[in-house]
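# Commentary on secondary and tertiary structure
Here is how the chains run, residue by residue.
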Amino acid sequence: MSGCSNSRAMRLFDAHCHLQDRRIAAVCPQLIRASIDSGVLRFAVNGVSEKDWHLVKQMGEQYPCVVPNFGLHPWYVTERTANWFNMLREFLTATPTAAVGEIGLDKGSHGRNIEFSQQVEVFRQQLELAKELQRPASVHCVRAFGDLLEILQNVGPFPAGLILHSYLGSAEMVPGFAKLGAYFSFSGYLTSMKSTKAKNMLKLVPKDRILVESDAPDGLPNLTESLLVVPLDDSSPQGLQSQHGDPLCEASVSPKEELNHPANIHTVLNYVATMLQMPNEELAELTYRNATRLFSYNGLEVVEEG
Ligand SMILES: [Zn+2]
């Protein structure tokens, strides 16, 4: 892609984000352009429910740098239609480059309102589908790591790979997940983990299983350093509205409520590289190669750029 040229030697692969999210839809082309210019050459864009799979598919067709992912996120399991699973299978089989995601388990403040047995049922079905189609799956897990390991041991192993996205689990659980084929993807949420704990955990992640992600428009790193802000959409008089209905302008939202720009993945990279005492360039190349290997399947190969 001509627009993928950039002056920096560093290249990054955003292993998990939501560029189809309606909160950033109007400015998405700008966000992609700015990210590519900064060296982010690939984006694994994750759908969350039947309502956005067509948007993710379109995005994959429009942008060669987008790897589409289709999945039913645990927060939306109660909204599924009777036909959801057939639809998911259709999207995946019609899109050979697509992975499964975002799927998972959530016992956090949001997820605990959603019946856990339903979450488990929907999660297992999607894991089994990923296995059958030999695609990787992007997994969300909040306060349910014990349940997650048990289910993965039951359904797995996963030779096509699994992405534990925004991994915040313990160091002790890393080897068990790695054995099943998991990759560990780190986002701005890692900045919320105690740094000694994060360091010990990062040290145990096998070097060929480490990834970085933005999780944009969520996952804004909790750091004081300068971060890129999602620009307002000038074409809409009200500007963008967040899912909570707050107007997205700097004057009315605190920095912590601001949306995350996907190019802030550079801040995540710096943070993880510092903890691993590894040069940024080395971690960028390592994670780019890991993601490229993971997202090359069914005889397809993600074309290397840069
Ligand atoms: Zn996500």
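Residues numbered from 1 in each chain as written. Predicted model: local features only at pLDDT ≥ 70, side-chain atom pairs only at ≥ 80, totals over all residues.

You'll find the protein entered in an unreviewed UniProt entry as Deoxyribonuclease ycfH isoform X2, with Iris pallida given as the organism.

Right, let's talk about the overall build of the protein for a bit. Of regular secondary structure, the protein possesses nine helices and eight strands. Residue burial in the protein is summarised as follows: out of 306 residues, 44% are buried. Once local pairs closer than 6 in sequence are excluded, the contacts in the protein between residues at least 24 apart make up 77%. (Helix = DSSP H or I, 4+ residues; strand = E, 2+ residues; numbered from the N terminus. Buried ≥ 20, exposed ≤ 12 C-beta atoms within 10 Å, placed from the backbone. Contact = placed C-beta atoms within 7 Å.)

What follows deals with the environment of Ala94. When you line up the elements, Ala94 lands in helix α3 (residues 84–94). According to the C-beta neighbour criterion, Ala94 is exposed, with 10 such atoms within 10 Å. Separated by 37 residues in sequence, Ala94 and Lys57 have C-alpha atoms that sit 9.7 Å apart.

Time to look at the UniProt feature "binding site: a divalent metal cation 2" (unreviewed entry) in the protein. When the UniProt feature table is mapped onto this chain numbering, "binding site: a divalent metal cation 2" (unreviewed entry) sits at His140 and His165. The largest pairwise C-alpha distance within this set of annotated residues, which runs over 26 residues, is 5.8 Å, so the set is compact in three dimensions. Tracing the sequence through the fold places His140 in strand β5 (residues 137–142). Assessed through the 27 C-beta atoms surrounding it within 10 Å, His140 is described here as buried. In this structure, His140 is in contact with His73, Pro74, Glu102, Gly104, Asp106 and His165, ignoring residues within four places of it in sequence. Considering the arrangement of structural elements, one finds His165 in the loop between β6 (162–164) and α6 (174–179). In this structure, His165 is in contact with His16, Glu102, Ser138, Val139, His140, Ser185 and Glu213, ignoring residues within four places of it in sequence. (UniProt positions renumbered as here; feature names shortened; annotations may be inferred.)

Right, let's get into unusual backbone geometry. That bond from Gly101 to Glu102 is cis: its omega, 10°, falls within 30 degrees of zero. Mapping Glu102 onto the fold places it in strand β4 (residues 99–106). With an omega of 5°, the peptide bond running from Gly156 to Pro157 counts as cis. Of note, Asp215 is a non-glycine position whose phi angle comes to about 55°, a positive value. When you line up the elements, Asp215 lands in the loop between β8 (210–212) and α8 (265–276).

In this section: the UniProt feature "binding site: a divalent metal cation 1" (unreviewed entry) in the protein. The positions that UniProt labels "binding site: a divalent metal cation 1" (unreviewed entry) are, in the present scheme, His16, His18, Glu102 and Asp215. Spanning 200 residues, the annotated positions come together in the fold, the maximum distance between their C-alpha atoms being 10.9 Å. Given 27 C-beta atoms within 10 Å, Glu102 falls into the buried group. If sequence neighbours within four positions are ignored, Glu102 has contacts with Asn46, Val48, Asn69, Gly71, His73, Ser138, His140 and His165.

The complete set of buried residues in helix α2 (residues 53–62) reads Trp53, Val56, Lys57, Met59 and Gly60. Down the axis of α2, the buried set is contained in an arc of 160°. They therefore lie on one face. Away from its buried face by more than 90 degrees, α2 exposes Glu61 and Gln62. Elements in contact with the buried residues of α2: β2 (40–46), β3 (66–70) and α3. (Arc of directions from axis to C-beta.)

What follows deals with the sheet that holds strand β1 (residues 12–17). The strand order β1-β2-β3-β4-β5-β6-β7-β8 describes an open sheet built from eight strands, whose pairing is parallel. The sheet is open, and its two borders are formed by β1 and β8, each paired with just one other strand. Between one strand and the next, the sheet's axes are offset by a mean angle of 25°, whatever the strand orientation. Bridge count between strand β7 (residues 182–186) and β8: three bridges; the pairing is parallel. What sits directly across from Ser185, in β8, is Leu211. Lying on the sheet, α2 is in contact with β2 and β3; it crosses β3 at an angle near 160°. (Pairing = 2+ DSSP bridges. Axes fitted to C-alpha atoms, helices over the stretch in contact; angles between N-to-C directions.)

The subject of this paragraph is the nonpolar core. Proteins that are soluble and globular tend to have nonpolar side chains buried together. Leu12, Leu19, Val45, Leu164, Phe184, Val212 and Val272 are the most contacted members of the largest nonpolar core, which has 78 residues in total. Here Leu12 is in contact with Gly39, Val40, Leu41, Val212, Ile265, Leu269, Ala284 and Tyr288, once residues within four sequence places are set aside. (Core = buried A, V, L, I, M, F, W, Y, C linked by C-beta atoms within 7 Å.)

A large share of β5 lies buried, amounting to five of its six residues. When β4 meets β5, the two strands line up parallel, connected through six bridges. Across the sheet, the residue bridging to Asp106 is Val142, located in β5. Once the chain exits β4 it traverses helix α4 (residues 116–133) before rejoining the sheet at β5, and the crossover so formed is right-handed. Sheet topology places β5 next to β6; three bridges connect them, and they run parallel. Within β6, the residue paired with Ser138 across the bridge is Ile163. Crossover connection from β5 via helix α5 (residues 145–155) to parallel β6: handedness right-handed. (Right-handed = clockwise from strand over helix to strand, strands pointing away.)

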